[in-house]
Amino acid sequence: MRMRRWILTIVAVVFVLSALIAALANTITDWWWFQSIQQTDLFLTPLYTQLLLGFGVGLFVALLFFFNTYLVGRFARTPSKTFQWSQRKGDAVEIKSVAVAPFARKISMVFALLLGLIFGFTAASHWETVQLFLHRVAVGQTDPLFGRDVSYYFFTLPFVKIVVQTAFAAMLLLTITTIVLYFVHGALEVGRRIMGRDRLGMKTLVSAARQHLSIISAILFALVAVQLYFIAVPDLVYSATGPITGASYTDVHIRLPILYIGTGIAILLAVSLLAHSIKSSTRWVAGFAGAFLVLFIVGGWLVPDLLQRFVVLPNELDKESEYITRHLEATRQAYGLDTIEKRDLSGDTALTRSDIDANPGTIKNVRLWDRDPLLDTFSQIQEIRTYYEFNSIDNDRYTINGDYRQVLLSPRELEAGNLPQRNFINEHLTFTHGYGLTLGPVNEVTPEGLPVLFVQDIPPSSSTNVEVKRPEIYFGELANDYVVVDSGAKEFDYPSGEENVFSDYSGDGGVQVNSLFRKLLYAIRFQSSKFLFSSDIKGDSRVMYYRDIQDRVQRTLPFLRFDGDPYLVVRDDGSLTWIYDAYTTSNAYPYAERVSDALLQHNSGGLYGQINYIRNAVKVSIDGYTGAMTFYVADANDAIIQAYQGVFPASFTSMNEMPDDLRSHIRFPEDMFQYLTNIYSIYHMEDAQIFYNREDQWSIPTRPNESSDPFMRHMIMRLPEEEKEEYILMLPFTPRGKDNLSAWMVARNDGQHYGQLVVYRFPKQKLVYGPIQIINRINQDPDISRQISLWDQRGSEVIRGNLLVIPIESSLLYVQPIYLRAEGGRIPELKRVIVAHENKIAMEETLDQALIRLFPRDGEAPAPSNTTDEETDTTDASVAQQASDAYQRALDAQRNGDWTTYGEEIQRLGELLGQLNQ
């Protein structure tokens with residue numbers, strides 16, 4: 001038994017030491033990493049704040065409980081409770097007893113240490129709230145109920161909640177512990193008979209002990225008063241009692257006065273307990289306690305519920321109109337909707353050929369390639385080797401040989417999981433980086449139906465002024481493991497025919513492994529003895545980790561939220577840099593509507609919550625070669641990022657310092673735009689009555705069978721009333737429950753107009769076709785439907801691209817690309833382009849042909865119909881063959897007595913004959 005106990009003890013000690021060593025190794029190597037990226041503030045400030053809070057609060061709580069246990073021992077002068085048991089020794093029975101109080105005191109000491117640890121760790125986790133409170137700044141907007149600046153709810157109220165709730169929890173546990181200790185000391189008995197009643201009584205409780213319990217209880221109820229006044233009262237601005245978020249009629253007229261009264265009663269109860277500590281009298285204590293209980297039941301629940309049911313709900317609009325107005329104003333302020341510019345369109349203008357010719361920049365940038373088909377195509381024709389992978393398609397704009405062009409590009413990253421032979425040297429020393437990218441215009445197609453490429457192949461070759469001169473991608477979107485550069489092993493650069501080209505890293509990215517101690521810690525961190533004993537890892541080698549850019553930025557800025565689509569930029573010097581949008585968010589804006597934060601990246605523990613404030617406050621640049629990061633403040637008016645700048649003064653950079661070749665590629669982030677358009681579909685209604693009745697609520701149309709994919713697209717176009725084309729993000733609105741178009745919103749991205757939101761509204765009495773209606777009209781067009789049905793037979797697959805909503809002048813043009821992919825193949829080819837405007841629809845081989853067919857030039861005949869005579873003959877022959885096959889299968893089924901198959905084949909035969917007749 002003793003040997004087994006020793007073994008278990010040794011195992012436990014080894015396990016604890018291993019965990020401590022691993023944690024220490026991770027912490028030290030993280031410190032080296034923060035040093036390498038020159039962001040030590042982001043490591044040290046949270047660390048020392050957590051240490052100070054954890055140690056300070058933990059020590060205070062532990063000492064408080066220690067001291068309280070000492071006081072109980074001093075004040076309780078009665079004999080201790082005893083635990084008795086009988087023990088038989090032969091014919092005699094011996095009664096033994098042990099005093100409980102000494103054991104209780106020892107247990108309370110251990111309990112005090114445990115509580116100190118718990119409260120210390122809890123306090124340390126709130127380092128961010130404390131630092132924001134210390135560096136709080138004014139927002140400049142006030143809540144309509146109490147007139148406080150919104151910064152109070154962002155920074156002060158969360159801090160007050162932590163302090164008061166921590167103190168209340170500590171005092172509540174202290175009170176319970178004190179009562180238990182006095183009980184085991186024999187100074188307090190439960191159920192003692194006094195004047196014929198069984199009740200809680202105190203036997204020989206000395207004056208000092210009574211004072212002790214009374215003072216602790218007084219402090220506890222003083223904290224109740226503080227909670228009611230400083231937490232429960234301001235929390236009314238988040239109430240959900242009425243039809244909106246925020247204090248409503250019942251909250252203002254009933255709950256608020258009751259909270260004030262409750263605060264007063266709690267203070268009087270605390271004072272009466274202090275008085276009781278001086279002179280033993282329970283009358284006032286019992287009276288105020290009873291009044292508090294009655295107020296809690298009647299005033300806190302019964303009266304508000306009755307008022308809401310029988311006074312407010314029958315006259316809700318009249319009673320709540322003022323508070324609905326407050327809610328509307330606060331929600332628009334919280335999300336920045338109050339800055340949206342509104343423009344009206346007549347909806348009466350039909351497009352003409354002159355309109356098309358007057359917008360060449362818009363037409364030549366119509367996006368004919370969708371991300372998914374293009375990603376499949378890139379993967380087949382440009383990955384070059386199996387270990388390369390195109391992970392995503394990025395949408396951007398460049399000045400190509402003097403023309404402002406919209407392009408799609410995809411970086412060629414290394415996927416270590418696809419290496420032909422996976423081992424330590426290949427994964428960590430040899431194959432270290434991706435290489436180059438593929439870039440092409442959104443609208444150009446080769447005669448074979450493939451995308452035109454401006455940048456392609458390995459090494460990257462360019463047919464334009466956009467050239468990639470530093471193609472190595474060490475940091476990207478794929479979550480690859482660590483790598484070591486400047487090692488003794490050859491570092492693979494790129495394949496060249498039957499041979500490989502190797503290179504040496506010339507940057508300053510990563511952490512130097514310049515000592516045996518560092519090799520040891522990294523071996524512990526990566527759990528690899530090969531790292532420690534490898535002779536290829538030398539004193540000038542550098543280890544790169546946190547190479548996934550999402551992980552990289554979240555480890556440096558864990559207090560921000562991130563967009564789901566970082567994108568790569570080719571800079572003027574030919575290097576590659578990622579741009580990553582970051583957000584400040586809050587759920588504390590008074591009276592503002594809360595929505596789910598599920599769209600945003602970096603959710604703690606993978607759990608989703610709610611927000612009612614969001615700003616695109618930071619844009620992060622990450623160098624694809626060195627991993628160097630710069631955090632540019634994109635919204636200098638955001639109070640939250642100003643507070644973080646106070647916490648980390650050396651970490652953030654003004655947007656004015658962003659280089660021009662990066663600044664020309666910033667864009668309004670898609671996730672934020674989706675948030676704002678969803679909220680604006682309801683909160684564009686500014687009148688309380690219209691909002692209450694939801695008379696003019698909009699919807700965001702989504703693609704059929706794709707409920708989460710809205711018609712939201714980047715495009716280059718000239719906005720109505722503007723002079724030149726610009727890069728915008730656009731999304732249409734339809735009335736709720738209907739498919740016609742109500743409005744469309746754009747986020748502007750270029751120059752001084754960056755970040756401006758503009759909504760273009762159509763007259764309510766005018767029918768303007770929406771995306772779903774256009775899709776239905778395309779599906780109902782007999783020529784288009786027949787052609788697509790014939791293509792979508794065995795051996796080929798038709799892929800219908802995204803329907804593009806393209807504003808031109810004061811009207812709309814709809815464009816949908818059609819791709820064809822062979823069965824079993826992965827290279828979609830662009831075969832047709834459908835263009836629709838009002839009641840007119842055309843499908844042709846190119847966009848220009850479809851536009852000419854819809855909008856012929858003066859003296860020019862429309863383009864020919866969708867199919868040539870040769871195509872028609874081929875199609876007819878194919879249908880005839882299918883009809884013959886169906887007839888033969890029907891005869892075979894008849895001979896076999898399979899009448900179900902016979903009926904199906906006869907029905908199929910009829911359909912094919914109908915197609916031939918057409």
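Within each chain, residue numbers correspond to sequence positions counted from 1 in written order. Only residues with pLDDT of at least 70 are given local features in this predicted model, and only at 80 or more are side-chain atom pairs given and counted; all residues enter the totals for whole chains, interfaces and linings. Computation of side-chain values: all heavy atoms of the structure, hydrogens and water removed.

1. Considering the side chain of H684
We count it as follows: What counts as a helix is a DSSP run of H or I of at least four residues, what counts as a strand is a run of E of at least two, and both are numbered from the N terminus. Counted as a polar contact is a pair of N or O atoms within 3.5 Å, where, for protein atoms, one must be capable of donating a hydrogen and the other of accepting one, and residues adjacent in sequence contribute only when both atoms are in side chains. Any two residues whose heavy atoms approach within 4.5 Å at even a single point are treated as in contact.
Within the secondary structure layout, H684 lies in the loop between α19 (670-683) and α20 (688-693). Polar side-chain contacts of H684 include one of 3.2 Å to the backbone oxygen of S681. Engagement of the side chain of H684 in a polar contact is seen with the backbone oxygen of D696, the distance being 2.8 Å. Not counting the four nearest positions on each side in its chain, H684 is found in contact with D696, Q697 and W698.

2. Points about the nonpolar core
In globular proteins that are soluble, nonpolar side chains generally tend to be buried together. Rules: Side-chain atoms within 4.5 Å are what join buried Ala, Val, Leu, Ile, Met, Phe, Trp, Tyr and Cys residues into a set we call a nonpolar core. Three exposure classes are used, based on accessible area relative to the maximum for each residue type with a 1.4 Å probe and protein chains only: buried under 20%, partly exposed in between, and exposed over 50%.
Judged by nonpolar contacts, the single largest core of 147 residues is most densely connected at F531, V543 and F652. With residues up to four places along the chain from it excluded, the contact list for V543 reads Y482, V483, V484, G510, V511, V513, Y522, F526 and F531. Within the second largest apolar cluster, 32 residues are counted, among which are L741, V768, Y814 and M843.

3. Digging into the sheet that holds strand β18 (residues 542-544)
Adjacent strands of a sheet pair through backbone hydrogen bonds, lying either parallel or antiparallel. Threshold: Strands are labelled as partners when DSSP assigns at least two bridges between them.
Read from one edge to the other, the open sheet built from three strands follows the order β14-β18-β17, with strand pairing classed as antiparallel. Among the strands making up the open sheet, the edge pair consists of β14 (483-485) and β17 (511-512). Direction of pairing for β17 relative to β18: antiparallel, over a ladder of two bridges. Paired with V511 across the two strands is V543, which belongs to β18.

4. Points about helix α12 (residues 371-381)
Residues of α12 that are buried include every one of P373, L374, L375, D376, T377, F378 and S379, and no others. Here the buried face of α12 lies against β6 (388-390), β8 (403-414), β10 (437-441), β32 (796-800) and β34 (811-822).

5. Structural notes on the pattern of salt bridges
Rules: The term salt bridge refers to a side-chain nitrogen of Lys or Arg lying within 4 Å of a carboxyl oxygen of Asp or Glu.
As enumerated under the stated definition, the model contains 32 salt bridges in all. Put simply, R255 and D251 hold a salt bridge, and the shortest N to O gap is 3.3 Å. In this pair, R255 and D251 both sit in helix α7 (residues 249-278), four residues apart, roughly one turn of the helix. The salt bridge involving E472 is made with R470; its shortest N-O contact spans 3.5 Å. Residue classification places E472 among the buried residues on the basis of a relative accessible area of 9%.

6. Examining empty space enclosed by the protein
Threshold: Cavities and pockets are defined on a 1 Å grid built over the protein atoms alone: a cavity is a set of grid points where a 1.4 Å probe fits but cannot escape, while a pocket is an open set with protein on both sides within 12 Å along at least five of seven lines, and lining residues are those with an atom within 4 Å of any such point. Grid points are joined across faces, edges and corners, and a volume is the space filled by probe spheres set on the points. Gly counts as polar in this scheme, as do all residues outside two lists: the nonpolar Ala, Val, Leu, Ile, Met, Phe, Trp, Tyr, Cys and Pro, and the charged Asp, Glu, Lys and Arg.
For the structure shown, the criterion picks out four cavities of 30 Å³ or more. In this structure, the largest cavity encloses a volume near 80 Å³. Surrounding the largest cavity, 13 residues form its lining, E413, I473, Y474, N480 and R547 being those nearest its centre. Partitioned by chemical class, the residues of the lining of the largest cavity number five nonpolar, five polar and three charged. Considering only enclosed or pocket space, the second largest cavity measures out at about 50 Å³ in volume. Lining of the second largest cavity is provided by T362, N365, V366, R367, H714, M715, I716, L804 and I806. When contributions to the lining of the second largest cavity are tallied by element, the ones reaching two or more residues are β28 (713-717) and β33 (804-808). Top element by residues in the lining of the second largest cavity is β28. It accounts for three residues. Grouping the amino acids of the lining of the second largest cavity by side-chain chemistry returns five nonpolar, three polar and one charged.

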